[in-house]
Structure formats: C-alpha cells, structure tokens
Amino acid sequence: MDRERRKIRLSSCIKTIVEVHAQLDPRQRDSVLYRKFLKLQAALESGDLDDISETDVLEIEKTTNRLLQELGLFYSE
C-alpha cells in the first residue's frame, strides 16, 4: 500500500508540472523538458518505486508546491 501511495503522490506532482509547463507556453509542448516530464510520467506508471524513499517523495511534493506558490504570485489578480 505504501508503494501505491508514493506512486499516486509522485504521479500527481508530475502531472501538475506537465500541465503547468504546457499552460505557460503551449508552443513548448515539443520542448525537450516537456518530453522529459512525459517520459518520467510514463516511467512512473510502469516502473518500480522501491528506490524512491518517503523523503524523496516529500521533497518532490515540496518543490511542486513551491513552484505553484511562485506562479500564483504572477496570477493572483
């Protein structure tokens, strides 16, 4: 169950980052960074998460939240 929770949490972060990236500049959907996030998302869906610790997941969640907070400053009005 813990493994499934980590997978869901990571998937949510990656999906959020992919969507934010696409919304910021839709022309960048073919960018290298965008393709890397999509590849990471696909790997997550089929991969093994045994090497990813709870600490790793928390750090990714913190970073995703920080990104959203900083973007919120631009779109607060």
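Preceding this section is the structure that the text describes.
Residues numbered from 1 in each chain as written. Predicted model: local features only at pLDDT ≥ 70, side-chain atom pairs only at ≥ 80, totals over all residues. Heavy atoms only, no water.

So, the overall build of the protein chain
- Assigned secondary structure in the protein chain consists of three helices and zero strands.
- Counting the 77 residues in the protein chain, one finds 25% classified as buried.
- Within the protein chain, residue pairs in contact and separated by at least 24 positions form 72% of the contacts whose partners lie at least 6 positions apart.
- Carbon and sulfur atoms provide 54% of the accessible area of the protein chain, an area that totals close to 6000 Å². (Helix = DSSP H or I, 4+ residues; strand = E, 2+ residues; numbered from the N terminus. Buried < 20%, exposed > 50% of the residue type's maximum accessible area, 1.4 Å probe, protein only. Contact = heavy atoms within 4.5 Å. Areas by Shrake-Rupley, 256 points an atom, 1.4 Å probe, with all protein chains shown as cover.)

Brief notes about the pattern of salt bridges
- Throughout the structure, instances matching the rule amount to four salt bridges.
- A salt bridge links arginine 9 to glutamate 54; the shortest N-O distance between them is 3.0 Å. In this pair, arginine 9 sits in helix α1 (residues 2–24) while glutamate 54 sits in helix α3 (residues 54–74), placing the two residues 45 residues apart along the sequence.
- Overall, glutamate 54 belongs to the partly exposed group, its relative accessible area being 34%.
- Residue glutamate 59 pairs with lysine 62 through a salt bridge whose shortest N-O separation is 4.0 Å. Of this pair, glutamate 59 and lysine 62 both sit in helix α3, three residues apart, roughly one helical turn.
- According to the relative accessible area criterion, glutamate 59 is partly exposed, its value standing at 40%.
- One connected set of salt bridges, linked through shared partners, spans Arg9, Glu54 and Glu61. (Salt bridge = Lys/Arg side-chain N within 4 Å of Asp/Glu carboxyl O.)

Describing α3
- Across its 21 residues, α3 extends 31 Å between first and last C-alpha, which sits within 8% of the 30 Å expected from 1.5 Å per residue.
- Looking only at α3, the buried set comprises Val57, Glu61, Thr64 and Leu71. The buried side chains of α3 occupy one side of the element, clustering within an arc of 95 degrees when seen end-on. In this structure, α3 carries Thr55, Gln69 and Leu73 as exposed residues pointing more than 90 degrees from its buried face. (Expected span 1.5 Å × (residues − 1). Arc of directions from axis to C-beta.)

Some words on the nonpolar core
- Grouped together as the largest cluster of nonpolar side chains are seven residues: Leu10, Ile14, Val18, Ala22, Tyr34, Leu44 and Val57.
- Considering each element in turn, this core owes the most residues, four residues, to α1. (Core = buried A, V, L, I, M, F, W, Y, C linked by side-chain atoms within 4.5 Å.)

Focus: α1
- Compared with an ideal rise of 1.5 Å per residue, which puts 23 residues at 33 Å, α1 spans 33 Å between its outermost C-alpha atoms and is within 8% of the ideal.
- Along α1, the positions that sit buried rather than exposed are Arg6, Leu10, Cys13, Ile14, Ile17, Val18, Val20, His21 and Ala22.
- Packed against the buried residues of α1 are α2 (32–46) and α3.

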